[in-house]
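Remarks on the overall topology
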Amino acid sequence: MTTADEQIEHRQNQFHTWGVYGLLAVSTLLSVAAHELMTSPAEWYAAGALVVAAVLLQLWHGPRRGRRTPSVRGTAYYFMRWAVAFTLTWLNPFFGFYAATGYFDSDELIPGRRRQWLGLLATVVVVAGSQSGGMPIRSPTQWLLFGGLLVANFGLLLVVGHISQQEEQRSRERAVTITELERTNAALQRALDENAALHAQLLVQAREAGVADERRRLAAEIHDTIAQGLTGIIAQLQVVANAPDLAVARTHLERASDLARHSLGEARRSVHNLAPVALADAGLPEALKKTVAEWGERTGVRAEFTVTGTAEQLHEEVAATLLRIVQEALSNASRHASAGRVGVTLSFLGDEVILDIRDDGHGFDPLTVPARTGSGGFGLDGMRARAERIAGSLTVESEPGHGTAVSARVPLVRHD
């Protein structure tokens with residue numbers, strides 16, 4: 001129970017306890033003031049005795065401490081009080097104020113709705129009698145007035161009773177609603193607790209997924225840098241082994257040395273921040289141009305790089321992804337395509353960047369590409385995974401004998 005409810009309950013207890021005494025006192029004072037209505041000493045003695053009886057009856061009933069439950073004792077008290085009020089009102093109509101106390105507690109004293117209305121009707125009779133000039137009723141005019149007041153008082157009781165009944169119904173409905181809300185709140189709290197547990201579990205899973213994704217990314221970085229560099233070094237050393245003269249051997253040894261230095265730089269960079277060395281001092285177009293030129297010089301394949309649209313400084317992750325895709329595509333072309341010409345085109349198209357790598361090599365059937373093995377490179381799957389990691393896509397078009405075209409489309413995310 002809230003503080004406001006406790007205050008209301010306290011006031012109701014005070015009213016039901018002291019209100020009867022107050023109305024009895026008011027009735028007694030008014031009756032004394034209208035002393036001419038009681039002409040004989042016997043009436044005065046009877047009235048005094050009844051007032052004392054009313055006080056004793058109220059003391060027997062006791063103070064109200066919370067809403068009472070209707071009972072036989074309460075019914076006896078109600079009708080004994082009514083009998084005292086009826087007799088006092090017969091002696092002096094101003095005791096009708098005391099009789100009106102029957103309006104206030106019939107529902108707490110008398111069990112059963114019908115008995116309660118009978119008690120109220122008895123109270124109405126006494127009150128209407130006092131209002132019409134007192135009892136006994138002596139003239140037809142007084143009878144007419146008594147009948148009208150009886151109907152008016154009882155009609156008011158019906159209206160008030162109906163309103164009270166509706167209010168009780170609303171109170172019960174509110175109580176049911178509050179109970180349902182409490183039950184719903186409890187269920188909601190349980191759901192929140194479960195969601196918190198699920199959230200914690202998802203955080204753990206996301207952390208594990210992040211670790212796995214970072215491992216894949218590191219593997220791809222090592223493949224795109226150190227592994228490809230070592231492959232190039234091996235290829236150059238094989239050429240040196242079969243070189244017809246010292247000048248040719250020296251040329252390929254220098255290329256192998258350059259590849260070794262480049263791979264060492266990439267390895268050191270991977271330890272620091274995994275950003276491609278080629279992008280450290282230049283934008284993506286310059287890095288791609290240099291990468292394509294070096295690859296063409298190293299493999300002896302005619303390689304061209306073209307930029308279309310207005311070049312923009314891309315986000316580091318986007319630029320690194322596109323550079324890695326080009327490196328992987330060129331590595332595949334040198335190992336498998338036996339191409340005579342390779343073209344790389346970087347296109348800036350407003351809200352996206354398109355990277356195309358085309359060669360005129362042997363080509364292949366994309367549907368028959370074998371699964372990647374532990375000894376092989378990351379290949380098409382690796383390039384596709386890189387593009388998808390930054391919300392992009394990668395498509396491959398190839399046909400045996402007609403070359404290969406690799407196209408990556410990624411969002412244009414500018415450098416912050």
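Before reading further, recall that the structure is shown in the block above.
Now for a quick tour of the structure. (Residues numbered from 1 in each chain as written. Predicted model: local features only at pLDDT ≥ 70, side-chain atom pairs only at ≥ 80, totals over all residues. Heavy atoms only, no water.)

A separate point is the nonpolar core. Ranked by size, the top nonpolar core spans 34 residues in total, and within it Leu314, Leu322, Val344, Leu346, Leu355 and Ile357 carry the most contacts. Residue assignment for this core shows that the elements contributing at least two residues are α9 (284-299), α10 (316-337), β2 (341-348), β3 (352-359), α11 (379-389), β4 (393-398) and β5 (404-411). Residue contributions to this core peak at 10 residues, all from α10. Apart from the residues lying within four places of it in its own chain, the contact partners of isoleucine 357 are Ile325, Val326, Ala329, Val342, Gly343, Val344, Thr404, Ala405 and Val406. Residues Val20, Ala54, Leu88 and Ala100 belong to the second largest nonpolar core, which totals 25 residues. (Core = buried A, V, L, I, M, F, W, Y, C linked by side-chain atoms within 4.5 Å. Buried < 20%, exposed > 50% of the residue type's maximum accessible area, 1.4 Å probe, protein only. Helix = DSSP H or I, 4+ residues; strand = E, 2+ residues; numbered from the N terminus. Contact = heavy atoms within 4.5 Å.)

What follows is about the side chain of serine 347. Along the chain, the position of serine 347 falls in strand β2. Among the polar contacts listed, one links the side chain of serine 347 to the side chain of threonine 308, at a separation of 2.8 Å. When neighbours within four sequence positions are excluded, serine 347 is seen to be in contact with Thr308, Glu352, Val353 and Ile354. (Polar contact = N/O pair within 3.5 Å; in protein donor to acceptor, adjacent residues only side chain to side chain.)

A word on the packing of helix α1 (residues 3-33) against helix α2 (residues 41-61). Relative orientation of the contacting elements α1 and α2 amounts to 170 degrees, with a least axis distance of 10 Å. As the angle between them shows, α1 and α2 are arranged roughly antiparallel. The segment α1 lies against α2, with His16, Thr17, Val20, Tyr21, Leu24, Thr28, Ser31 and Val32 engaging Trp44, Val51, Ala54, Val55, Gln58 and Leu59. Across the contact of α1 with α2, the residue classes break down as nine nonpolar, five polar and no charged. (Axes fitted to C-alpha atoms, helices over the stretch in contact; angles between N-to-C directions. Parallel < 35°, antiparallel > 145°, perpendicular 65-115°, else oblique. Nonpolar A, V, L, I, M, F, W, Y, C, P; charged D, E, K, R; others polar.)

It is worth spelling out the packing of helix α3 (residues 72-91) against helix α6 (residues 113-131) at this point. Running from amino to carboxyl end, α3 crosses α6 at an angle of 15 degrees, the nearest separation of the two axes being 10 Å. If you check the angle between α3 and α6, you find them roughly parallel. Crossing geometry of α3 relative to α6 is assigned as left-handed. Between α3 and α6, the residues in contact are Tyr78, Phe79, Trp82, Ala85, Phe86 and Thr89 and Gly119, Leu120, Ala122, Thr123, Val126 and Ser130, respectively. Grouping the constituent residues of the contact of α3 with α6 by class yields eight nonpolar, four polar and no charged. (Left-handed = near helix turned anticlockwise from the far one by under 90°.)

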